[in-house]
Each structure stands twice: as structure tokens, then as C-alpha cells.
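Examination of the molecular architecture
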Amino acid sequence: CEGGFSVGVVRVTRYGEQHIPVPNDEIELQDARHWAVCFDGELQVTEPQRFIQTLELGIGSAKGFGYGLLSVSKP
């Protein structure tokens, strides 16, 4: 994976959906939609430096809205 890790077994839990009004090209509002999910499982670090950077920066396109946070622990 480009984040310096590969995903093993995972359980996905959906937490909800957020609608964010954003202007389109015609200055009308459209909803951008983001779905909050929790991935719970195992991953294997394949590139330690890149993985640390991924932890610091987050993942996904909705980081500016509070998504993309990672919490990790040793098994």
C-alpha cells in the first residue's frame, strides 16, 4: 500500500454519513458526502518511514473534515 502498510484481516463498522454543502461551478450548493467508518483489524508495516508519515498526515480525501485519523497498537 502507498501508506507503508498492507491490510490483513479487517472488520468494518459504519458510523454514519456527513453532508457538507459546497458551491459548484454555478454558485449553487451541492452536498459533498463522507461516510464515517471504523476499520478494526490487523495491518503489517512494510515501509516504516512511510508508515510514520501516514500516521502523522492521516489517510483519505476527507482529512480536512476530521476523517482519516489512525489509531494503532501492538498486538
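Reading guide: rules and limits
- Residues numbered from 1 in each chain as written.
- Predicted model: local features only at pLDDT ≥ 70, side-chain atom pairs only at ≥ 80, totals over all residues.
- Heavy atoms only, no water.
- Salt bridge = Lys/Arg side-chain N within 4 Å of Asp/Glu carboxyl O.
- Buried < 20%, exposed > 50% of the residue type's maximum accessible area, 1.4 Å probe, protein only.
- Helix = DSSP H or I, 4+ residues; strand = E, 2+ residues; numbered from the N terminus.

Let's talk about the pattern of salt bridges
Oppositely charged side chains are able to pair whenever their charged atoms sit close together. The full count for this structure, using the stated rule, is three salt bridges. Linking Arg14 and Glu17 is a salt bridge whose minimum nitrogen-to-oxygen distance equals 3.6 Å. A relative accessible area of 55% means that Arg14 is categorised as exposed.

Side note on the environment of Ile52
Here Ile52 shows up in helix α1 (residues 48-57). Sequence-wise, Ile52 and Ile20 are 32 residues apart; in three dimensions their C-alpha atoms are separated by 30 Å.

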